[in-house]
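Next come the chains, spelled out residue by residue.
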Amino acid sequence: EGLVKESPNCSFMTMSNHSETGVSEVKALACDRLLATRVESRISGKKVEGVMNRLQVFYPDARDSLDRDSFIPESVQKEREAGGSKKKQSRIGYAATKHDDPEDG
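Analysis parameters
- Residues numbered from 1 in each chain as written.
- Predicted model: local features only at pLDDT ≥ 70, side-chain atom pairs only at ≥ 80, totals over all residues.
- Heavy atoms only, no water.
- Helix = DSSP H or I, 4+ residues; strand = E, 2+ residues; numbered from the N terminus.
- Buried < 20%, exposed > 50% of the residue type's maximum accessible area, 1.4 Å probe, protein only.
- Contact = heavy atoms within 4.5 Å.
- pLDDT = per-residue confidence, 0-100.

K.L.:
Residues and numbers for the overall build of the protein, please.
P.N.:
For the protein, the helix and strand inventory stands at four helices and zero strands. Burial statistics for the protein: of 105 residues in total, 3% are counted as buried. Put simply, 3% of the contacts in the protein that link residues at least 6 apart link residues at least 24 apart.

Put into structure tokens, the structure is as follows:
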């Protein structure tokens, strides 16, 4: 127990396989730590550095004092008001998606 207190990467937890108390907490802690180490290893890898060097984030400045809200075309507004919805298709046009009905043909 003394060694566990000194090490920052270790934790001391109690559990019982017989009465199953504390088992889910141990599993959750182990999964969280495993996920954290995997994320850390991905971030510190060479692939991420190559991608991060190519990314640029732009924050546009206001060019005037006009308020520019989102624009929804009239045809879309009419369809929404009518309650109709188009049948969803795949982006390619021939591959079935989970929204496609196989009986429609």
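Text resumes after the structure shown.
K.L.:
Mind laying out unusual backbone geometry, listing which residues take part and the relevant values?
P.N.:
Phi is positive for Glu 20, which is not a glycine, with a value near 60°. By the element assignment, Glu 20 lies in the loop between α1 (2-6) and α2 (23-43). What makes Glu 20 exposed here is its relative accessible area of 63%.

K.L.:
How would you sum up the confidence of the model for the protein? Please name residues and give values.
P.N.:
For the protein, the average pLDDT comes to 76, and 70% of its residues sit at 70 or higher. By mean pLDDT, the top-scoring element of the protein is α2 (87), and the lowest-scoring one is α1 (61).

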